[in-house]
Amino acid sequence: MNLSFRKATVDDCSRIRDLASRIWEPTYGSILSKEQLAYMFEMMYSTESIYRQMTELQHRYFMVFADGQPAGYLSFEKKSGNTYVFQKIYAVPEFHGKGVGRYMVEQALSHIRDIHPQPFTVELYVNRGNPATGFYEHLGFVKSGTRDHPIGNGYYMNDFIMSIKVG
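Everything quoted here is computed from the prediction, not taken from an experiment.

(A) Representation of the nonpolar core in the model. Ranked by size, the top nonpolar core spans 57 residues in total, and within it W24, Y45, Y73, F86, V122 and F141 carry the most contacts. Those residues in contact with V122 that sit more than four places away from it in its chain are Y84, F86, L109, I112, F141, M162, S163 and I164.

Below you can see the structure in the form of structure tokens.
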């Protein structure tokens, strides 16, 4: 399988939403209620929200392609000083276990090294019920805390904070 990685632009907002629609239910359907799934999906993945994340919030989005087909996406933002946050790391379910997730993380870390040559830390937030915690630990991330982040409508994101130091 030939993988490629490129920076996404605002022209990719609808493509990212389409990918998310294929990923969201399989990833969180057994963890969150249908109501919370629907609420969070619209909050995070309306084309307007993705556009705002890219333009106003300065999230950098990237897309990964497997043999030329969209296979996933990743976004990160600079939190402060030497800390970045991976906001989203998602591969289409049929690509799970095939190296796409690892490839996205490696490519994103390489991109950050290019723009931030000093040592840095990357954090990510992963739902405490998501088995992906093992995947991130395998890549070198460690659990560094928890958070219960209110997102509106009475819902919370109940996450592990995971981090990796680079450089």
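(B) Representation of unusual backbone geometry in the model. Here Q58, not a glycine, exhibits a phi torsion of approximately 60°, which is positive. Within the secondary structure layout, Q58 lies in the loop between α3 (47-55) and β2 (60-66). Even without being glycine, D67 reaches a positive phi, approximately 50°. Take D67: it is sitting in the loop between β2 and β3 (69-80). Looking at D67, the relative accessible area reads 53%, which means it is exposed.

(C) Region of interest: helix α1 (residues 13-28). For α1, spanning 16 residues, the distance from its first C-alpha to its last is 21 Å, which sits close to the expected 22 Å at 1.5 Å a residue. At R22, α1 shows its largest bend, some 30°, and a proline, P26, comes one to four positions later. Those residues of α1 that sit buried are C13, I16, L19, A20, I23, W24, T27 and Y28. Where the residues of α1 are buried, they touch α2 (34-45), α3, β2, β3, β4 (83-91) and β5 (120-127).

(D) Fine view of the packing of α1 against α3. Across the interface, α1 lies against α3 with an axial gap of 9 Å and an inter-helix angle of 120°. Regarding the angle of α1 to α3, the classification is oblique. The two elements α1 and α3 cross, and the hand of that crossing is right-handed. Contact residues: α1 offers C13, S14, I16 and R17, while α3 offers T47, I50, Y51 and M54. Tallied by class, the residues present in the contact of α1 with α3 amount to 5 nonpolar, 2 polar and 1 charged.

(E) Region of the structure containing the sheet that holds β3. The mixed open sheet is built from 7 strands, whose spatial order is β1-β2-β3-β4-β5-β7-β6. Looking at strand neighbours, the two that pair on one side only are β1 (3-7) and β6 (142-152), the edges of this open sheet. In this sheet, adjacent strand axes meet at a mean angle of 30° when their direction is disregarded. Contacting β1, β2, β3, β4 and β5, α1 runs over the sheet at an angle of about 90° to β3. Relative to the sheet, helix α4 (residues 100-115) contacts β1, β2, β3, β4, β5 and β7 (155-166), its axis offset from that of β4 by approximately 150°.

(F) Molecular detail of the pairing of β6. Note: β6 against β7, 9 bridges, orientation antiparallel. Along β7, the bridge assignment pairs P150 with Y156. Adjacent in sequence and paired antiparallel, β6 and β7 are bridged by 2 residues, among which N153 carries a positive phi angle near 60°.

(G) Region of the structure containing the side chain of N130. In this structure, N130 sits in the loop between β5 and α5 (132-138). A residue is classified by how much of its surface remains accessible, and N130, at 10% relative accessible area, is buried. Within the local environment of N130, its side chain forms a polar contact with the backbone nitrogen of A132, the two atoms lying 2.8 Å apart. Aside from chain neighbours lying at most four places away, what touches N130 is T27, Y28 and I31.

(H) Seen up close, the side chain of S49. Checked against the element boundaries, S49 lands in helix α3. Contact partners of S49, with chain neighbours within four places excluded, come to M43 and M44.

What counts and what doesn't
- Residues numbered from 1 in each chain as written.
- Predicted model: local features only at pLDDT ≥ 70, side-chain atom pairs only at ≥ 80, totals over all residues.
- Heavy atoms only, no water.
- Core = buried A, V, L, I, M, F, W, Y, C linked by side-chain atoms within 4.5 Å.
- Buried < 20%, exposed > 50% of the residue type's maximum accessible area, 1.4 Å probe, protein only.
- Contact = heavy atoms within 4.5 Å.
- Helix = DSSP H or I, 4+ residues; strand = E, 2+ residues; numbered from the N terminus.
- Expected span 1.5 Å × (residues − 1).
- Bend = angle between axes of the 7 residues up to and from the residue.
- Axes fitted to C-alpha atoms, helices over the stretch in contact; angles between N-to-C directions.
- Parallel < 35°, antiparallel > 145°, perpendicular 65-115°, else oblique.
- Left-handed = near helix turned anticlockwise from the far one by under 90°.
- Nonpolar A, V, L, I, M, F, W, Y, C, P; charged D, E, K, R; others polar.
- Pairing = 2+ DSSP bridges.
- Polar contact = N/O pair within 3.5 Å; in protein donor to acceptor, adjacent residues only side chain to side chain.

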